[in-house]
Amino acid sequence: MENLLEAWKEFVCGKRKRSDMQEFQLKLFENIHRLHSDLKDKSYKHGCYTPFKINDPKPRDIHKALVRDRLLHHALYRKLYPFFDRTFISDSYSCRNDKGTHRALDRFGDFAYRASWGHTKTVWVLKCDVKKFFASVDYEVLFGILEKYIPDKDVMWLIREIVGSFHSTKEGVGLPLGNLTSQLFVNIYMNEFDQFVKHRLKEKWYIRYADDFVILNQDRKWLGHALAETHRFLEQKLHLTLHPNKISIRTFAGGVDFLGWVHFPTHRVLRTATKRRMWRNVEVKKMLNNADTLQSSIQSYMGMLSHGDAYKLQAVIRMD
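Residues numbered from 1 in each chain as written. Predicted model: local features only at pLDDT ≥ 70, side-chain atom pairs only at ≥ 80, totals over all residues. Heavy atoms only, no water.

As recorded in an unreviewed UniProt entry, the protein chain goes by the name Reverse transcriptase domain-containing protein.

This is the structure in structure tokens:
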């Protein structure tokens with residue numbers, strides 16, 4: 001009960017005005033007590049999902065669970081995350097405390113500098129992307145990984161109930177993008193790959209953010225070998241496939257597109273597609289003629305642009 005109540009305090013922050021949250025809160029203690037009882041006697045069944053689409057920046061299918069189920073996701077996450085976070089490599093940056101995109105960008109620049117001996121040697125960058133990442137997670141593989149760390153059968157029963165409440169293209173495959181637990185489970189899943197790259201391939205300069213990863217090396221042939229080993233491990237062990245159109249091996253000096261920015265030895269610039277999307281969004285906000293929303297978006301973009309060499313863009317936005 002204590003964990004469910006603490007989870008509610010965290011979960012409700014910033015969501016109090018939503019109708020489904022207000023409805024749940026009207027009988028908060030009754031709802032939490034019922035959820036606790038269902039968990040205790042294992043009669044708990046995960047509810048259905050509400051699907052909707054977003055563009056962030058590409059179209060994505062989001063599946064939103066009921067408040068009761070999302071509260072449970074939060075309660076489970078509170079207990080699992082602190083333990084599993086300690087098992088992850090330091091250069092996995094997605095959905096982790098004190099990590100994130102900006103730290104990954106800075107780390108990439110630092111790795112490029114060290115791998116090229118202070119930009120005096122040519123360094124090659126292997127960049128890959130897992131195809132349909134969330135939709136391809138195999139349940140049995142995931143459960144096998146989790147069981148190595150979680151001996152408690154009740155916890156594993158609950159995880160199976162949550163994971164099994166959804167599937168994408170076929171039974172037993174795919175995690176919903178809308179679940180907080182999904183973010184943790186994919187990191188646990190891909191940690192197997194992270195450990196393989198660090199300890200089997202012995203790559204010093206490796207960074208992963210969700211399904212995007214890069215490996216830096218002065219030897220282009222070695223990266224070709226690493227790509228083959230990577231492909232084999234992902235397919236055989238995790239049942240994942242690399243996106244064939246998103247594999248590249250190129251020099252750092254020629255510019256490497258990673259996490260929305262194109263990186264060079266002396267600077268990084270915003271990806272053209274990101275720039276266009278930013279201008280399009282600003283123009284839409286102008287047409288809506290909502291000064292508060294426009295100003296909020298501009299401040300958000302200014303914050304994003306501060307992490308790269310985009311002084312001209314910042315100046316144009318200010319003038320606009």
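Peer 1: For this particular structure, what's the right way to read the side chain of Asp-194?
Peer 2: As for its placement among the helices and strands, Asp-194 is situated in helix α8 (residues 180-200). Separated by 2.5 Å, the side chains of Asp-194 and Tyr-206 make a polar contact. Apart from the residues lying within four places of it in its own chain, the contact partners of Asp-194 are Ile-89, Ser-92, Tyr-206 and Arg-208. (Helix = DSSP H or I, 4+ residues; strand = E, 2+ residues; numbered from the N terminus. Polar contact = N/O pair within 3.5 Å; in protein donor to acceptor, adjacent residues only side chain to side chain. Contact = heavy atoms within 4.5 Å.)

Peer 1: How should I be thinking about the pattern of salt bridges in this particular structure?
Peer 2: When their charged atoms lie close together, side chains carrying opposite charge are able to pair. The final tally for this structure, using the stated rule, is 18 salt bridges. Linking Lys-9 and Glu-6 is a salt bridge whose minimum nitrogen-to-oxygen distance equals 3.2 Å. Of this pair, Lys-9 and Glu-6 both sit in helix α1 (residues 2-11), 3 residues apart, which is roughly one turn of the helix. On the basis of relative accessibility, which here comes to 34%, the residue Glu-6 falls in the partly exposed class. Lys-148 is paired through a salt bridge with Glu-192; the nearest N and O atoms lie 3.2 Å apart. Here the residue Lys-148 occupies a position in helix α6 (residues 139-149), and Glu-192 occupies one in helix α8, the gap between them amounting to 44 residues. Classification of Lys-148 by relative accessible area gives exposed; the value is 56%. What emerges from the salt-bridge pattern is a single network uniting Asp-91, Arg-107, Asp-110 and Arg-114. (Salt bridge = Lys/Arg side-chain N within 4 Å of Asp/Glu carboxyl O. Buried < 20%, exposed > 50% of the residue type's maximum accessible area, 1.4 Å probe, protein only.)

Peer 1: Honestly, the environment of Val-269 in this entry has me stumped. Any pointers?
Peer 2: For Val-269, the position within the fold is in strand β9 (residues 268-270). With a relative accessible area of 27%, Val-269 lands in the partly exposed category.

Peer 1: Help me understand unusual backbone geometry in this model?
Peer 2: Most peptide bonds adopt trans geometry, and most residues besides glycine take a negative phi value. Despite not being glycine, Cys-95 shows a phi value in the positive range, around 55°. Looking at the element boundaries, Cys-95 is found in the loop between α4 (67-85) and α5 (101-115). Positive phi, close to 60°, is recorded for His-119, a residue that is not glycine. Here His-119 lies in the loop between α5 and β3 (124-129).

Peer 1: What's the story with the sheet that holds β9 in this structure? I'm lost.
Peer 2: Whenever strands of a sheet pair, they do so through backbone hydrogen bonds, lying parallel or antiparallel. The 3 strands lie next to each other as β7-β8-β9, forming an open sheet whose pairing is antiparallel. Across the chains shown, the open sheet's two edge strands, defined by having one partner strand only, are β7 (256-258) and β9. Between one strand and the next, the sheet's axes are offset by a mean angle of 30°, whatever the strand orientation. Two strands pair when backbone bridges link them, and β7 and strand β8 (residues 261-263) are joined in this way by 3 bridges, in the antiparallel orientation. Bridging across to β8, Val-256 finds its partner in His-263. On top of the sheet, α5 reaches β7, β8 and β9; it is set at about 155° to β7, its chief contact. (Pairing = 2+ DSSP bridges. Axes fitted to C-alpha atoms, helices over the stretch in contact; angles between N-to-C directions.)

Peer 1: Looking at this structure, I do not really get the packing of aromatic side chains. What am I missing?
Peer 2: Two numbers describe a pair of aromatic rings. These are the distance of the centres and the angle of the planes. In this structure the tally under the stated criterion is 17 aromatic pairs. Measuring from centroid to centroid gives 5.6 Å for Phe-133 and Phe-134, while their planes differ by 75°, and the two rings are edge-to-face. Phe-134 matches Phe-133 in its accessibility class, with the two residues each being buried. Ring geometry for Phe-196 versus Phe-233: centroids 4.3 Å apart, planes at 15°, classification stacked. Of the two residues, Phe-196 is situated in helix α8 and Phe-233 in helix α9 (residues 220-237); the sequence distance between them amounts to 37 residues. Note on accessibility: Phe-196 and Phe-233 belong to one class, buried. Among the aromatic residues, those joined into a cluster by ring pairs are Phe-193, Phe-196, Tyr-206, Phe-213 and Phe-233. When the ring centre of Tyr-93 is taken as reference, the NZ or CZ atom of Lys-99 above it lies at 5.0 Å. (Phe/Tyr/Trp six-rings, centres within 6.5 Å; stacked < 30°, edge-to-face > 60°. Lys NZ or Arg CZ within 6 Å of the ring centre and 35° of its normal.)

Peer 1: Help me understand the packing of α4 against α8, please; the structure alone is not making it clear to me.
Peer 2: A pair of packed helices is characterised by two quantities: the angle between their axes and the separation of those axes. One way to put it is that α4 packs onto α8 with a least axis distance of 9 Å and a crossing angle of 25°. Classed by the angle they form, the pair α4 and α8 counts as roughly parallel. Where α4 crosses over α8, the handedness of that crossing is left-handed. Side by side, α4 and α8 meet where His-73, His-74, Leu-76, Tyr-77, Leu-80, Tyr-81 and Phe-84 of the first sit next to Leu-180, Thr-181, Leu-184, Phe-185 and Ile-188 of the second. (Parallel < 35°, antiparallel > 145°, perpendicular 65-115°, else oblique. Left-handed = near helix turned anticlockwise from the far one by under 90°.)

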